[in-house]
Amino acid sequence: VQLQASGGGLVQPGGSLRLTCVASVHPFSSYTMAWFRQAPGKEREFVAAITRSRGYTNYGDSVKGRFTISGENLKKTVYLQMNSLIPEDTAAYYCAAKYYSVGIKYREAATYDYWGQGTQVTVSS
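Here is a short report on the structure shown in this document. (Residues numbered from 1 in each chain as written. Predicted model: local features only at pLDDT ≥ 70, side-chain atom pairs only at ≥ 80, totals over all residues. Heavy atoms only, no water.)

### Observations concerning the packing of aromatic side chains
For step 1, the next point in the chain: Scanning all chains against the criterion turns up seven aromatic pairs.
For step 2, the next point in the chain: Aromatic pair Y31 and Y99: ring centres 5.3 Å apart, planes at 75°, arrangement edge-to-face. A residue pair is termed long-range when its members are at least 10 positions apart, and Y31 in strand 4 (residues 31-38) and Y99 in strand 9 (residues 91-99) qualify at 68 residues.
For step 3, the next point in the chain: Judged by relative accessible area, which is 7%, Y31 ranks as buried.
For step 4, the next point in the chain: Judged by its relative accessible area of 42%, Y99 is partly exposed.
For step 5, the next point in the chain: When the ring of F36 is compared with that of Y112, the centres are 5.4 Å apart and the planes differ by 75°; the resulting orientation is edge-to-face. Of this pair, F36 sits in strand 4 while Y112 sits in the loop between strand 9 and strand 10 (114-115), and the two are 76 residues apart along the sequence. Comparing F36 with Y112 shows no difference in burial state: the two are buried. (Phe/Tyr/Trp six-rings, centres within 6.5 Å; stacked < 30°, edge-to-face > 60°. Helix = DSSP H or I, 4+ residues; strand = E, 2+ residues; numbered from the N terminus. Buried < 20%, exposed > 50% of the residue type's maximum accessible area, 1.4 Å probe, protein only.)

Structure follows, in structure tokens:
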């Protein structure tokens, strides 16, 4: 199983980035997908999750209204569109996958079965 995250980089405050996660999990449509982030010296933080049907999303309070998670099952890909970026968004961003089960706790890192390698996002002028 492999989750390949990409799209990170250096962006100025107020700018945008789109992260991409390509997953080799099968069947992809049976997995809830999520993004987490971790800044140096801080705990891993929930960013966003999308259900296996890609019809329900959930966001961390610090990114709600600025970030959008979406997915394409045929491409086995999940995206994180990040707008209005602020320096506090600087972190390594990780995608994660959880095989379907009832009562998934989307915001807890321990929930997820598989993790990608992370992509760095730096917001700075």
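### Structural notes on the side chain of N58
For step 1, the next point in the chain: Here N58 lies in strand 6 (residues 57-59).
For step 2, the next point in the chain: Here Y56 takes part through its side chain, which lies 3.2 Å from a polar atom of the side chain of N58.
For step 3, the next point in the chain: At 3.1 Å, the side chain of N58 and the side chain of R107 are in polar contact.
For step 4, the next point in the chain: Not counting the four nearest positions on each side in its chain, N58 is found in contact with F46, V47, A48, A49 and R107. (Polar contact = N/O pair within 3.5 Å; in protein donor to acceptor, adjacent residues only side chain to side chain. Contact = heavy atoms within 4.5 Å.)

### Overview of the sheet that holds strand 8 (residues 77-82)
For step 1, the next point in the chain: The four strands lie next to each other as 1-3-8-7, forming an open sheet whose pairing is antiparallel. Two strands in the sheet have a free side with no partner beyond their single neighbour: strand 1 (3-6) and strand 7 (67-72). Recorded for the sheet is a direction-independent mean angle of 15° between the axes of neighbouring strands.
For step 2, the next point in the chain: Strand direction decides the pairing type here: strand 1 and strand 3 (residues 17-23), joined by four bridges, are antiparallel. The residue bridging S6 from the neighbouring strand is T20, located in strand 3. (Pairing = 2+ DSSP bridges. Axes fitted to C-alpha atoms, helices over the stretch in contact; angles between N-to-C directions.)

### Comments concerning the pattern of salt bridges
For step 1, the next point in the chain: Under the definition given, this model contains six salt bridges.
For step 2, the next point in the chain: Note that D89 and R66 form a salt bridge whose closest N and O atoms lie 2.7 Å from each other. Here R66 lies in the loop between strand 6 and strand 7 and D89 lies in the loop between strand 8 and strand 9, a separation of 23 residues in the sequence. Per residue, the accessibility class of D89 equals that of R66, and both read buried.
For step 3, the next point in the chain: Close ionic contact of K98 with D113 constitutes a salt bridge, the shortest N to O distance being 3.8 Å. One end of the pair, K98, is in strand 9; the other, D113, is in the loop between strand 9 and strand 10, with 15 residues separating them in the sequence.
For step 4, the next point in the chain: Residue classification places D113 among the partly exposed residues on the basis of a relative accessible area of 37%.
For step 5, the next point in the chain: It is possible to trace a salt-bridge network through shared partners that takes in R37, E45, R66 and D89. (Salt bridge = Lys/Arg side-chain N within 4 Å of Asp/Glu carboxyl O.)

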